[in-house]
Structure formats: C-alpha cells, structure tokens
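One letter stands for each residue in the lines below.
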2 protein chains.
Amino acid sequence: MREFRTKARVLLIDDNADHLRGIKELINLESSYDVAGATTSANIGINLAKKYRPDLILMDINMPEKDGLQAIQEIERLDLGIKVIALSGYDDADLIFRAMKIGAKGYILKTMASAQLIRAMDEVTAGKIYMPTALTSRFFEYFQLSFKNETEADTKENLLAYLTAREEEVLDLLTQGNNYKGIAAKLFISETTVKTHVNNIFQKLQVNEKTQAVLYALNNGFANRRRIKLAV
Amino acid sequence: MREFRTKARVLLIDDNADHLRGIKELINLESSYDVAGATTSANIGINLAKKYRPDLILMDINMPEKDGLQAIQEIERLDLGIKVIALSGYDDADLIFRAMKIGAKGYILKTMASAQLIRAMDEVTAGKIYMPTALTSRFFEYFQLSFKNETEADTKENLLAYLTAREEEVLDLLTQGNNYKGIAAKLFISETTVKTHVNNIFQKLQVNEKTQAVLYALNNGFANRRRIKLAV
DNA sequence: CAATTTATCAATCTAAAGATTTAGAACAAA
DNA sequence: TTTGTTCTAAATCTTTAGATTGATAAATTG
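Quick caveat, the model's predicted, so the values are computed rather than measured.

Chemist: Looking at this model, I keep getting lost on the overall build of chain A. Mind explaining?
Modeler: From N to C terminus, chain A includes ten helices and six strands. A buried classification covers 49% of the 232 residues belonging to chain A. In chain A, once contacts between residues fewer than 6 apart in sequence are set aside, the share between residues at least 24 apart is 63%. As displayed, chain A has an accessible area near 11100 Å², and 49% of this comes from carbon and sulfur atoms.

Chemist: Would you take a moment to explain the packing of aromatic side chains for this structure?
Modeler: Ring pairs (aromatic) are described by centroid distance and by the angle formed between their planes. Going through the model one piece at a time under the given rule, you end up with 22 aromatic pairs over all chains. Judged by centre distance (5.4 Å) and plane angle (80°), the rings of A:Phe143 and B:Phe97 are edge-to-face. Taken together, the residues span two chains, with A:Phe143 in helix α6 (residues 133-155) and B:Phe97 in helix α4 (residues 93-101). By relative accessible area, A:Phe143 is classed as buried at 0%. Look at B:Phe97 and you get buried, because its relative accessible area is 0%. Arranged with centres 5.4 Å apart and planes meeting at 80°, the rings of B:Phe139 and B:Phe140 form a pair that is edge-to-face. Here B:Phe139 and B:Phe140 have matching classes, each one buried. Members of the aromatic cluster, joined through ring pairs, are A:Phe97, A:Phe139, A:Phe140, A:Tyr142, A:Phe143, A:Phe147, B:Phe97, B:Phe139, B:Phe140, B:Tyr142, B:Phe143 and B:Phe147. Its end group placed over the ring of A:Tyr180, A:Lys210 keeps NZ or CZ at 5.8 Å from the ring centre.

Chemist: Would you explain the domain arrangement of chain A in this entry?
Modeler: Frequently, the measure chosen for interface size is the accessible area that the parts lose on association. In terms of domain boundaries, chain A breaks down into domain 1 (9-142) and domain 2 (162-231). The straight-line distance from the C-alpha centre of domain 1 of chain A to that of domain 2 of chain A is 45 Å.

Chemist: Would you take a moment to explain the protein's contact with DNA strand C for this structure?
Modeler: Around DNA strand C sit 18 residues, and of these A:Tyr180, A:Asn199, B:Thr164, B:Arg166 and B:Ser190 come closest. Backbone atoms, meaning sugar and phosphate, make up 67% of the atoms of DNA strand C lying within 4 Å of the protein. One nitrogen or oxygen atom from the side chain of A:Lys195 is found 3.1 Å from a base oxygen belonging to DNA strand C. Of all the secondary-structure elements, those providing two or more residues to the surface near DNA strand C are α8 (180-187) and α9 (191-205) of chain A together with α7 (165-174) and α9 (191-205) of chain B. Of all the elements, α9(B) adds the most residues to the surface near DNA strand C, at four residues. Of the residues in the surface near DNA strand C, the class split is four nonpolar, nine polar and five charged.

Chemist: In this structure, what is going on with the pairing of strand β3 (residues 56-60) of chain B? I would like to understand it.
Modeler: On a regular strand, one side chain projects to one face of the sheet and the next to the other, so that they alternate. Residues and elements named next belong to chain B. Across the five residues that make up β3, a large majority, five, are buried. Covered by surrounding structure in β3 are Leu56, Leu58 and Asp60 together with Ile57 and Met59, the residues of both alternating faces. With four bridges joining them, strand β1 (residues 8-13) and β3 adopt parallel strand pairing. Following the sheet pairing, Ile13 is matched in β3 by Met59.

Calculation criteria
Residues numbered from 1 in each chain as written. Chains lettered and ligands numbered in written order. Predicted model: local features only at pLDDT ≥ 70, side-chain atom pairs only at ≥ 80, totals over all residues. Heavy atoms only, no water. Helix = DSSP H or I, 4+ residues; strand = E, 2+ residues; numbered from the N terminus. Buried < 20%, exposed > 50% of the residue type's maximum accessible area, 1.4 Å probe, protein only. Contact = heavy atoms within 4.5 Å. Areas by Shrake-Rupley, 256 points an atom, 1.4 Å probe, with all protein chains shown as cover. Phe/Tyr/Trp six-rings, centres within 6.5 Å; stacked < 30°, edge-to-face > 60°. Lys NZ or Arg CZ within 6 Å of the ring centre and 35° of its normal. Domains from an automatic or database assignment. Near = heavy atom within 4 Å. Polar contact = N/O pair within 3.5 Å; in protein donor to acceptor, adjacent residues only side chain to side chain. Nonpolar A, V, L, I, M, F, W, Y, C, P; charged D, E, K, R; others polar. Pairing = 2+ DSSP bridges.

So this is what it looks like as structure tokens:
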C-alpha cells in the first residue's frame, strides 16, 4: 500500500546530533520516506517546517534550548496539516498527556525498536493517531486519575436532578449570562414567571443568588455537557 | 507466565444471552480463566460482583435495562479492585471516552477477534489498561478535538490580563459565590469600594453583571487553574 | 518632581434581583 | 375523580446590584 504513494517527506528535530544521524539513516533505509530536513534546533525546525511543509515531523521533546512541547504547539497553531510525532526519552505520563493534548499524532520512546517508529510513521501518515500499547496504558492511568476526584464528587447527591424541565431551561440560560428579562424574552414568558422559576431553582439547589446557582450548575456537570472537566 | 498463577475469575454481563454463551465457551477454552458467573442483567451483575468478588468483569455497555456505563461506575465506586473491561458493539469515540473516564480498564469491540479479547484480559489482569490500536486512535482524535477550542481560545486576547491585583482578588471571591457584602468583609474594605472594583472589572471584561464576569473568568482560565477544561 | 495608576470611600440614583403569597390551567397519576 | 405536579402569572415588598460622580492617599512610573 505504501509503495504506491509518493514518498512522505519527514523533518527531523532532535538536539542530539548522534541520535539525529541515527534516525536519518534508519529512515533512508525505508523506501517509503524521504528526509526533508534535519536540525538540532527547535526554532530552526519550526522555520524549516514553514518553508518545506513536510508531511511528518519527528520531534524530540526533551531539548534544552526550546521545549519540544512548545515547538509542537507552535507548529500545530500554524495549521499546516503537518503531523507531528513526539520522540521522548521518558515514558512519563504527564509528558505523554501534554504531548497528546496539544496535538501530537504519536508518541514514541527513543529506546523503542526502530520497527516501532516506522509503524508509528506509517499509521500517522495514514491519518491515524498512534501510540504503543505500553504508553497507552500509562496514558490512561493518568487520564483516569485525573477524573477520579470528579467522579467521587458525583457520588454526593446532585441537586440538579430535582429540577423540572423548565427549570433546567431557565438555569441553562442563566449559565449563559442572561438576566431575567433576557430569559423571559427567550422563553416567551413573563419576567415574573422567570422569577418564580428562579426562586424554585434556588430552593432546590440550596442557594440564594443567581451566581451561586450558576456556579453550582457548572460544578456539577450541568449545562454545557460538551465541556468535560479534567481535574489535573 | 500466566500458567503459574491461580486462574483469574471472570464475571460476564451481557444482555444478549447468545453472546454471553459464546464468550463463556471462549473463556472456558482458555486455561487461564474461570467464569465465576454470567448474567444478562446489569443489576444482578452488580450484586454478583459484590458477592463473588471476581478479578475481572466483562461488561456489555449497550444494554437496554440499565446503562452499562452506569453499571461500571457503580462497580468502580464499590472500590473492590475489580477490573472492568467494556464490551461494545460500537467504536463510537464518545462511548470510548466515557467508558475510560469512569474507570474501565479496557474497551473491546464485540466484532473483534477472540484473540483480542484474551489479549485485553491478559493485560488488564496484569494491572495494565488495554485498548486496541484502532480504538486508541479513535479515542485520541476525540481527545484532541476536545482541547482544540481551548487552545484556540488561548490565542485570543485574555481580558483578565488587564485586571489589577486587587481586582483579581475581588473577581476570585466573586467566582466563589460571594456577594458584595461578603467580599467587603473578607477583604476588610467597605462595600462601596467593592462596588468600585467590580465596576472596573466590568469595564475591563466588557460585561455588565456579576454572573457574566464570573463566567468570563471561568471560561478564560481564571482561578482554579488546576482544572483543565475539555470542551467536548 | 510631576504624572499616572491604584486602592480606598461616600453619596445618590435607577434598575434588577430576590422573597413571599396567591392562583388559574394543563396534565398525569392514583 | 381527586390529588399532585408543573407552568404560568400578578402583586407587593425588601434587598442587592450596578452606574455615576467626586475625592483622598499611597505607590509607581517616567
């Protein structure tokens, strides 16, 4: 499959010149990829990325001069569709989490076999996100730990459950910053009715002002359920 | 390696009786596992989990009676150290995300080869978290999408930067649900001073009420910076 | 040093929020 | 059918919130 496409062009960024040379040779052995450039400087790497628009970047994230994670973020913000694979010496869960958060398409340890790197390059080139099984496990442990507190908070009774459908609508509009007049207009009801609903909401949530109701809602999974909070 | 340990005990929960039987036979063929129980009811399954304390649970998460995700969450809350692998008919990113969020140790599609299931069971029994490569990619796409808005939001000017130290203090107390009297008491200043600060905050954040200022603060990385928001 | 920013406070408004009581209509459940 | 819940609304009242103007002292900056 790979054989039938144009060779993917790869940019290498690693402050360790020896390692850089090693990867370069490894990739040159692979018929599917061309090394479009190689540099030991993150800043130069970012400029090369802009200039040569490679398909793929292998980025060492443990560099002294400039943080590799920051470099990845800058490249992602350019929005050039360049896929970045993070290379790291450490299987640190926080590093993995942060790299994936900012948009790395893969995360490989330098100690891993070259086959693993090629596998990652193949998958990422094919539009997928790739991470070795061992690191995936590491990532998820960290991920689940982040949610643990929140999940425990869920254990306590959620007063939002007592709200009626209409009260939820009103509260939802409150969490969007509306005042009572605005809510009345949007729901086509009178402002006094809104006040009635709001007072009922206060009773049920055991608060006595708008802002507190909104804060309760946001802290207890209401409204923008699109937003998932990660306590890290 | 597995041969030298006691057989791990597995509880099966799947509303589809045929599928349940299939998995049971599959596991019986595996010398490393014993089926400790099998049921088509999530509720009965939870009770069996309490009673028999299996090492592992294979939980179908697409059940009509009770949501499998909810069942996983209940089992996690029991904190019995039972590892749960989610079985699903769908490779839906949101389902995967939610299952892993609440603590599933693995996620396997029913359509996957039995070897995949055994692999997952082996890994999870060994204390790791396991997800097939294809699903991992799916998960991370969703994960990165969640963070994209936030990253972009960072790009736009953050009006919070214009606040003075005192104004930040006042805003912080606002985001904790205090009214002006409360803030005055906590900062040992008069209520009119609080009002002055609040009015200045409004100017700078370009809003005109307390709740909106609080919402702006929460949506723009103010205060609880421990919390990372995942816009999903 | 002069100018600016920041933090403090008062007084005075208007507008909005919040509490409380009462009540009719629609609807579902017992 | 009766009972209960939900949604609607008005009237009334008290309390906050919010806008505006003006003023002082301290700290900062040019």
